[in-house]
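Residue strings, one per chain:
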Amino acid sequence: MKPIEALPTVLSCQNLSKSFRGSHKQETVVLTDINLEICKGTFVTILGQSGGGKSTLLKLLGGFLPSSSGVLLFNGQPLKSNTPDIGMIFQDHNLYPWMTVEQNVGFGFKIKGEKPGKYKHLVHEILDIVGLSHARKLYPHQLSGGMRQRVAIARSIVVKPTVLLLDEPFSALDVQLRRRLQEFLLALWSEMNTTMILVTHNVEEAILLGQNLVVVGESPGRIVEEITISDAQYRDRYHPNFLRLQRYLESVLEGTSKEQANDYYEGILAIPRIQRN
Ligand SMILES: Nc1ncnc2c1ncn2[C@@H]1O[C@H](COP(=O)(O)OP(=O)(O)O)[C@@H](O)[C@H]1O
Ligand SMILES: [Mg+2]
C-alpha cells in the first residue's frame, strides 16, 4: 500500500459548509465545519447514513456545487467549477443510450474537439484494461449492470483525471458483482496515480477500499471521525480486526454512546485515528 504521509495535498477543505434554501426561504444546513485534507494519489472513502450529506460533499469537492462558506483548494488554488481534472461517477452510470461502448468511453475527448484518430488507441487500451474489448460495439442496453458500471469507470479514467469522485457506484449491484468491481477498482487505482474519493453507506466497502476513511455524521452533516488504514489485515473482510472495525463503525453510524463505541475500538490495533465531535 502507498504511504500517505509524504504525499502532497490535492484537495483541502477549511470550514466548509453548505445550506439549501427551502420553499419558505428558510435555510437548511446540510454540511457544516468540514475540514479535510486529501493527499494526492490516495484512496479516500466517505461513509455515512443516507440523507447525511455525502453526495452534497462529493459535489462540493468536484466543484459541481458552490459551497455556502469556507475555503476549498485544489492543488493550492481555489477550486473552479467544471475542472476537467476532476471526474465523477454516479450510482446509475449515466451512459448515453444512443452511443456504443466505444463512443461513450471516447466522449470526453470528442467534446474537447479532438479527432478520433488521436484518442482511439487510448479508448481501446482502457477497454482492454476493464475487460470490455469484446463489447466495444455494443450499446448500453445490451450490457449487464456490472459491464455498464465498468464502462462508466473507463469513460472517467481514460481522460486521466487527477481526482475521481465515485458516488455509491456499486450500490445497485448484487453482492458478488459488487465485490468483483471493488477488487477491480483497487487494482486499477494501484496502477494509476488518480486520487479516488468514494462515497458509500456500506461499512464493509468503506473499510475494504479506503486508505483514509472519513465518517460523516448527520443533522447537520459533519465529519465525526477520520481513520487511516495502512494494514493489509483490513483488506481481508474475514480478519478479526476487520470485523472489529466494522462493528465499531456501525456503532458510530448508529449513534451508539461514545463509551460503547470506544469499547469496540479498544480491540482494534494499528489504526491512527482523528476523533472529532
Ligand atoms: N439541491 C438541493 N436542494 C435542497 N436540498 C437538498 C439538495 N440536495 C440535497 N439536499 C438535501 O440535503 C440532504 C443531504 O442530501 P445528500 O447529500 O443527497 O445525502 P446522501 O448522499 O448522504 O444521501 C438531504 O436532506 C437532501 O434532501
Ligand atoms: Mg447520496
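On a predicted model such as this, the values are computed, not experimentally measured, just so you know.

Novice: Which parts of the structure should I look at to understand the sheet that holds strand β5 (residues 77–78)?
Specialist: Pairing between the strands of a sheet comes from backbone hydrogen bonds, and it takes one of two forms, parallel or antiparallel. One open sheet holds the four strands; their spatial order is β2-β1-β4-β5, and the pairing between them is antiparallel. Where the open sheet ends on each side, the last strands, each with one partner, are β2 (27–39) and β5. Where strand β1 (residues 9–21) meets strand β4 (residues 69–74), five bridges bridge the pair, whose relative direction is antiparallel. Pairing of Cys 13 across the sheet is with Leu 72, part of β4.

Novice: Explain the state of the cysteines here, please?
Specialist: As used in these notes, a disulfide is a covalent bond between sulfur atoms, one from each of two cysteines. For the structure shown, the criterion picks out zero disulfides. The thiol sulfur of Cys 13 is not disulfide-bonded, and the nearest other cysteine sulfur, from Cys 39, lies at 12 Å. Owing to a relative accessible area of 11%, Cys 39 belongs among the buried residues under this scheme.

Novice: Any chance you could explain the packing of helix α4 (residues 145–157) against helix α5 (residues 175–191) here in plain terms?
Specialist: Helices that pack against each other are described as a pair by the angle of their axes relative to one another and the distance between those axes. For the pair α4 and α5, interaxial distance at closest approach is 11 Å and the crossing angle is 20°. One way to sum up the angle between α4 and α5 is to call them roughly parallel. Note on packing geometry: the crossing formed by α4 with α5 is right-handed. Two secondary-structure elements touch here, α4 through Gly 146, Gln 149, Arg 150, Ile 153 and Ile 157 and α5 through Leu 177, Leu 181, Phe 184, Leu 185 and Leu 188. Its residues placed into classes, the contact of α4 with α5 shows seven nonpolar, two polar and one charged.

Novice: Looking at this model, I keep getting lost on the pattern of salt bridges. Mind explaining?
Specialist: Opposite charge on two side chains lets them pair, provided their charged atoms get close. Under the definition given, this model contains seven salt bridges. Between Glu 27 and Arg 21 there is a salt bridge whose closest N-O contact spans 3.0 Å. The exposure class assigned to Glu 27 is partly exposed, which follows from its relative accessible area of 45%. Between Arg 178 and Glu 205 there is a salt bridge, with its nearest N and O atoms 3.2 Å apart. In this pair, Arg 178 is assigned in helix α5 and Glu 205 in helix α6 (residues 203–209), connecting sequence segments 27 residues apart. Owing to a relative accessible area of 11%, Arg 178 belongs among the buried residues under this scheme. One salt-bridge network, held together by shared partners, links Glu 102, Arg 136 and Lys 137.

Novice: Help me understand the site of ligand 1 in this model?
Specialist: Taken together, Phe 20, Val 30, Gln 49, Ser 50, Gly 51, Gly 52, Gly 53, Lys 54, Ser 55 and Thr 56 make up the full set of residues near ligand 1. Lys 54 places a polar main-chain atom, nitrogen or oxygen, 2.8 Å from an oxygen atom of ligand 1. Between ligand 1 and Ser 55, the relevant distance is 2.8 Å, taken from an oxygen atom to a side-chain nitrogen or oxygen of the residue. When ligand 1 sits alone it has 560 Å² of accessible area, and the protein chains cover 54% of it. The greatest single-element share of the shell around ligand 1, amounting to three residues, is contributed by helix α1 (residues 54–61). Of the residues that constitute the shell around ligand 1, the class distribution is two nonpolar, seven polar and one charged.

Novice: Honestly, the packing of helix α7 (residues 240–253) against helix α8 (residues 258–266) in this entry has me stumped. Any pointers?
Specialist: For the pair α7 and α8, interaxial distance at closest approach is 8 Å and the crossing angle is 165°. Here α7 is positioned roughly antiparallel relative to α8, judged by the angle of their axes. The way α7 lies across α8 gives a crossing that is left-handed. In contact with Arg 247, Tyr 248 and Ser 251 of α7, α8 contributes Ala 261, Asn 262, Tyr 264 and Tyr 265. A per-class count over the contact of α7 with α8 returns four nonpolar, two polar and one charged.

Novice: Hey, could you run me through the domain arrangement of the chain in this one?
Specialist: When the parts come together, some accessible area is lost, and that loss is often what is quoted as the size of the interface. By the assigned domains, the chain splits into domain 1 (21–85 + 171–277) and domain 2 (93–160). Between the C-alpha centres of domain 1 and domain 2 there is a distance of 28 Å. Summing both partners gives a buried area of about 770 Å² for domain 1 against domain 2, and 87% of it is carried by carbon and sulfur. Considering only the surface of domain 1 that becomes buried against domain 2, Leu 181, Phe 184 and Leu 188 emerge as the three largest contributors, covering 50% of it. Our count for the domain 1 to domain 2 interface comes out at zero salt bridges. Here domain 1 and domain 2 share zero residue pairs in polar contact (both at pLDDT 80 or more) between them.

What counts and what doesn't
- Residues numbered from 1 in each chain as written.
- Chains lettered and ligands numbered in written order.
- Predicted model: local features only at pLDDT ≥ 70, side-chain atom pairs only at ≥ 80, totals over all residues.
- Heavy atoms only, no water.
- Pairing = 2+ DSSP bridges.
- Helix = DSSP H or I, 4+ residues; strand = E, 2+ residues; numbered from the N terminus.
- Disulfide = S-S within 2.5 Å.
- Buried < 20%, exposed > 50% of the residue type's maximum accessible area, 1.4 Å probe, protein only.
- Axes fitted to C-alpha atoms, helices over the stretch in contact; angles between N-to-C directions.
- Parallel < 35°, antiparallel > 145°, perpendicular 65-115°, else oblique.
- Left-handed = near helix turned anticlockwise from the far one by under 90°.
- Contact = heavy atoms within 4.5 Å.
- Nonpolar A, V, L, I, M, F, W, Y, C, P; charged D, E, K, R; others polar.
- Salt bridge = Lys/Arg side-chain N within 4 Å of Asp/Glu carboxyl O.
- Near = heavy atom within 4 Å.
- Polar contact = N/O pair within 3.5 Å; in protein donor to acceptor, adjacent residues only side chain to side chain.
- Areas by Shrake-Rupley, 256 points an atom, 1.4 Å probe, with all protein chains shown as cover.
- Domains from an automatic or database assignment.
- Buried area = accessible area lost by both parts, 1.4 Å probe.

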